[in-house]
Amino acid sequence: MNPLAGREAVAPNQPRPGRRISIAQRRERWGFLFVLPVTLFLLIVILGPLLFGFWISLHSWNPLASLTEAKWVGWRNYEFLLTLDKRFLPSLINSGYYAVARVIGNVVIGLALAMLMNYPKLKGLRFWRVALFLPMATSPVVLGHMWANMFHKDFGILNTITGFLGFPAVGWMTNPDTALIAVIIMGTYQFVGYYAIVFLAGLQGIPEEYAEAASIDGANGWQQFWYITLPQLTPVIAFVTVMSTISGLQVFDLVISSTDGGPADATNTVVLQMYKTVFVNGRAGQGAAMAFILFAILMALSVIQLRLLREQRS
Amino acid sequence: MSKRNHLMRMFFPQGKLILVAALLLAGCAPAATPTSAPANTNAPEPTQAAGPTQPPAPVKLSISNHLVNETWHAGLETYLAEYNQLHPNVTVEQISTAFADLQARVATDQLGDNPPDLYQLPAWWVGNLAQSGILSEVPADIVADVQKNYPQGVIDAVTWDGKIHGVPMDANTTVMLYNKAMLAEAGYSRPPETLAELKEYALKLTKKDAEGNTIQYGYSEWVGNLNSEYLPFASLLYSNGGDIFAEDMSKSAFNSPEGVEVLTLMTDLVQAGAFNPELTYTDWYTDRVAITVLPNWVRFYLTTYNDPAAFGSAPVPHGNGKESGAIVYSWFIFVNEKSPNKEAAWDFIRWFTQETLGEGKPTRCAQFYYDIASVMPARFGDLEAMKDVFSTDVFPAFVEAQSYARAPLAFPQYEEAVNIINVELENAWFLKKTPEEALNDAAEQVDALLQMP
């Protein structure tokens, strides 16, 4: 139905005599009104805490005390973290190692699993999808405890198996040389199924004609993968890389429930350090400053990653 | 048209319709409470000067603790029910949070509208809690009671800035524990008394299989726990004549030659395969370790998983010509400054920590802690009332240590400092740093904390 039906025809850009606003303007205003609740909600729920967090990062405040006790310190929290604090930068490096290793694991293993699931003769695809997605749907705290038991030096299944094969027992989570590797394995296990499903969706979106044409031209399987599948998957790889980097740098629950950052701070990640700074050490200002430094890093990394992939794609 | 009217019409051209809708919505809202007074279940009802038959106003107290273990929670629940029976107008309920989440819980409670009236928390948080204004003023009679009935180390543990801030509930001292059968098998008739002997014993008590793998460790600690790493180190440091901080608390002192000597002893044992920093206390009570230094709560695990009679206890080995040292730490109970029922809350504390279960019997607090985890009481009267229990198996050395043990230094950043020291101890134990480097790095970070306002 035409909403203007039955109304007087008006020449474009000519204001109607006796009326001040056009229909388009009125619609626009109604539009503003409709988005107002959402805008207010976002301002309160997202921007509010963000601004409050930033305000806190410029103060010295123990969360046990009243907020009125917060003392203005300016940029000193940031300065302390970047110059004097001996635990913040190492924790950031640990998170960096974890994120990079997990991105590689998620892309390589996730893509391999997706290609297996995309194999036309594979039976029980639905079962494999559910099985792969299950770790993602499991609580990270439960996963942390589960893997801590599997990695246990004396009773863990991993050392039991390697013991049968004649290898000495490894203190996966009790030795600073292996603890981060153990956490990376846990993290990759948790997310790889989810990303495999994402890759599978990407693979299924590639027209089969491309592969057929390449096959007629004599391209072998590897060449088809390298010159057709991989370039077609660039947006999916970009998505997986960005999301995996962000969640990798934010790892917390898996670590606190398995190693609690130890031994010798080998698995102390930046978000765990942030949590301890606020709730154990009672320095909410420094914790908030850490959060903003991490935020800036994540923003910069995401922009760089997306630009690189866009350039590569173009 | 005025600017205001224009804006109103611009955004609310159907103003009348919106007004009707708003009125309809308002009509659907619950009716406003006729009185302006907010409902507060904690607030005592106004008393009337009517006469003696007026029952006392009901009071609901809440107590926040870490007793998430079902048995422990139920253990305290029994006493709370008893208190409720004796004081029909008072109800005390527990809010239990896992220890790992306790600090975050306290912080969020304090930001909320209705924080608990009472807290059972580690006394090494006393500086931080006092600085945050959570601790309410302890009544004079309770201060006098604590000063009279508790050992100095325990009093110091609940003291910050010269003031007692709560009532100690238990006493955990550190002593050396050893496996009697292992020492006897190695030909030792007594435990080591000096640091040199400790090293000698630990090396001799270490057993290796044909492939060179250690199957029995001479010495070990529980790595990865706040108190189980720092406390043995601090106890050995005190026993070697060293100190954690300078007397005026201006800087660290644990990186002194005495501290380096203690840590070097440990790393020497690591290199010889006699001390494995990957072990935990479970390895000790399951007969894989001969000697350790731990607080007395470990006795609970001995009764659960082994035989306490198979183990011996003795003061921490000392440096030549020096006296053994130890640390005593405690948990304490206090009233929240924000509690609207402070008087009732302190009454509960008096009942729980001072009144005994009968003539010659301990207080409920002492009985409760012993029953749930073999934890030692701090109150002289309780130790006397339970002397039959505390003169058996590993207890005597722990009890004796109460007389000379020192409290953890209750400065606000205590836990952070201990975490820093633990990380650097681990760096030395895992041979990532030399003992001197590790302690100097720890001292540098802890000194920065001491300078914080």
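As a reminder, the structure under discussion sits directly above these lines.
The structure contained in this document is the topic of the report that follows. Computed from a prediction, not measured in an experiment: that's the story for all the values here.

What counts, and at which threshold
- Residues numbered from 1 in each chain as written.
- Chains lettered and ligands numbered in written order.
- Predicted model: local features only at pLDDT ≥ 70, side-chain atom pairs only at ≥ 80, totals over all residues.
- Heavy atoms only, no water.
- Patch = residues over 30% accessible without salt bridge, like charges linked within 9 Å, V, L, I, M, F, W, Y side chains within 5 Å.
- Areas by Shrake-Rupley, 256 points an atom, 1.4 Å probe, with all protein chains shown as cover.
- Salt bridge = Lys/Arg side-chain N within 4 Å of Asp/Glu carboxyl O.
- Helix = DSSP H or I, 4+ residues; strand = E, 2+ residues; numbered from the N terminus.
- Buried < 20%, exposed > 50% of the residue type's maximum accessible area, 1.4 Å probe, protein only.
- Right-handed = clockwise from strand over helix to strand, strands pointing away.
- Pairing = 2+ DSSP bridges.
- Polar contact = N/O pair within 3.5 Å; in protein donor to acceptor, adjacent residues only side chain to side chain.

Looking now at a nonpolar patch on the surface. Residues and elements named next belong to chain A. A contiguous nonpolar surface patch, about 1,100 Å² in accessible area, is contributed by Leu36, Val38, Leu40, Phe41, Leu42, Leu43, Ile44, Val45, Ile46, Leu47, Leu50 and Leu51. Here Leu40 shows up in helix H1 (residues 23-57). Under the relative-accessibility criterion, Leu40 is labelled partly exposed at 43%.

Turning next to unusual backbone geometry. For the bond running from A:Gly262 to A:Pro263, omega is -10 degrees, close enough to zero to count as cis. If you trace the backbone, A:Pro263 turns up in the loop between helix H11 (253-256) and helix H12 (270-280). The residue A:Ala264 is not glycine, and still its phi comes out positive at about 50 degrees. Its place among the elements puts A:Ala264 in the loop between H11 and H12. Look at B:Met249: it is not a glycine, yet its phi comes out positive at around 60 degrees. Residue position: B:Met249 is located in the loop between helix H10 (226-239) and helix H11 (257-271). By relative accessible area, B:Met249 is classed as partly exposed at 27%.

Before going further, it helps to spend a moment on the pairing of strand S1 (residues 59-65) of chain B. Residue and element names in this part refer to chain B. Across the seven residues of S1, six count as buried, placing the element largely inside the fold. After leaving S1, the chain enters helix H3 (residues 70-86) and then returns to the sheet as strand S2 (residues 90-96), a path that is right-handed. Here two bridges tie S1 to strand S3 (residues 118-122), and the two strands are oriented parallel to one another. Looking at the pairing, Ile63 lines up with Leu118 of S3.

Glancing now at the side chain of A:Ser257. Residue and element names in this part refer to chain A. Looking at the secondary structure, you find Ser257 in the loop between H11 and H12. Using a relative accessible area of 9% as the deciding quantity, one classes Ser257 as buried. Side-chain polar atoms of Ser257 contact the backbone oxygen of Leu254, separated by 3.3 Å.

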